[in-house]
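Each chain, letter by letter, is given below.
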Amino acid sequence: MFWLQVSTLVLVNVLIASMLLVRAPRAQHAGAGDGALNVWQLIEEVEAERQREAESTGRHFLDAETLARLRI
């Protein structure tokens, strides 16, 4: 029983030492590539979409010119 405990302790220590000394190659990010957007471009797109949604455009939309003609 003693030798089983000692061998387990030694194997665990060897495992820990090997994990500390032998490191796996670290992955690196590749380039963003064509068509990649940065944060500021994404924010601009969201703001433009909000502006389009806020504008009234529909079947019964009256532009400024039509409103001016109706206020006779």
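Predicted, not measured: the structure shown is a model, and the values here were computed from it.

Draft legend 1. How the structure looks around the overall build of the protein. Regarding its fold elements, the protein presents three helices and zero strands. In terms of overall dimensions, the protein is more spread out than a globule: its C-alpha atoms have a radius of gyration of 34 Å, far above the 11 Å expected for 72 residues. Taken across its 72 residues, the protein has 0% of its residues classed as buried. Taken as a whole, the protein presents about 7600 Å² of accessible surface, with 61% of it coming from carbon and sulfur. Here the protein contributes 7 positively and 9 negatively charged side chains, and the mean placements of these two sets differ by 7 Å.

Draft legend 2. Representation of the environment of Arg-52 in the model. Along the polypeptide, Arg-52 turns up in helix α2 (residues 39-54). Linking Arg-52 and Met-19, residues 33 residues apart in sequence, is a C-alpha distance of 55 Å.

Draft legend 3. Structural context of the packing of aromatic side chains. This model, assessed by the stated rule, comprises one aromatic pair. Relative to Trp-3, the ring of Phe-2 lies with its centre 5.2 Å away and its plane at 70°, an arrangement referred to as edge-to-face. Accessibility classification places Phe-2 together with Trp-3 in one group, the exposed group.

Draft legend 4. Examining the pattern of salt bridges more closely. Enumeration over the complete set of coordinates arrives at one salt bridge. In this structure, Arg-50 and Glu-47 form a salt bridge, with 3.4 Å as the shortest nitrogen-oxygen distance. With Arg-50 and Glu-47 both in helix α2 and three residues apart, this pair spans about one turn of that helix.

Draft legend 5. Inspection of the confidence of the model for the protein at higher detail. Looking at the protein, the pLDDT average stands at 83 and 90% of residues meet or exceed 70. Looking over the protein, one finds the lowest element-wise mean pLDDT in helix α3 (residues 64-70), namely 82, and the highest in helix α1 (residues 2-21), namely 93.

Draft legend 6. A look at α2. Along its 16 residues, α2 runs 23 Å from first to last C-alpha, staying within 8% of the 22 Å computed at 1.5 Å per residue. Here α2 lies mainly on the outside; zero of its 16 residues are buried. Its side-chain oxygen placed 3.2 Å from the backbone nitrogen of Trp-40, Asn-38 serves as the N-cap of α2.

Draft legend 7. Here's a closer look at a nonpolar patch on the surface. Together, Val-12, Ile-16, Leu-20, Leu-21 and Val-22 make up an exposed nonpolar region whose accessible area comes to about 520 Å². Here Leu-20 lies in helix α1. Given the relative accessible area of 58%, Leu-20 is considered exposed.

Reading the values: rules and limits
Residues numbered from 1 in each chain as written. Predicted model: local features only at pLDDT ≥ 70, side-chain atom pairs only at ≥ 80, totals over all residues. Heavy atoms only, no water. Helix = DSSP H or I, 4+ residues; strand = E, 2+ residues; numbered from the N terminus. Rg over C-alpha atoms; globule rule 2.2 N^0.38 Å. Buried < 20%, exposed > 50% of the residue type's maximum accessible area, 1.4 Å probe, protein only. Areas by Shrake-Rupley, 256 points an atom, 1.4 Å probe, with all protein chains shown as cover. Lys, Arg positive; Asp, Glu negative; His and termini not counted. Charge placed at Lys NZ, Arg CZ, Asp CG, Glu CD. Phe/Tyr/Trp six-rings, centres within 6.5 Å; stacked < 30°, edge-to-face > 60°. Salt bridge = Lys/Arg side-chain N within 4 Å of Asp/Glu carboxyl O. pLDDT = per-residue confidence, 0-100. Expected span 1.5 Å × (residues − 1). Polar contact = N/O pair within 3.5 Å; in protein donor to acceptor, adjacent residues only side chain to side chain. Patch = residues over 30% accessible without salt bridge, like charges linked within 9 Å, V, L, I, M, F, W, Y side chains within 5 Å.

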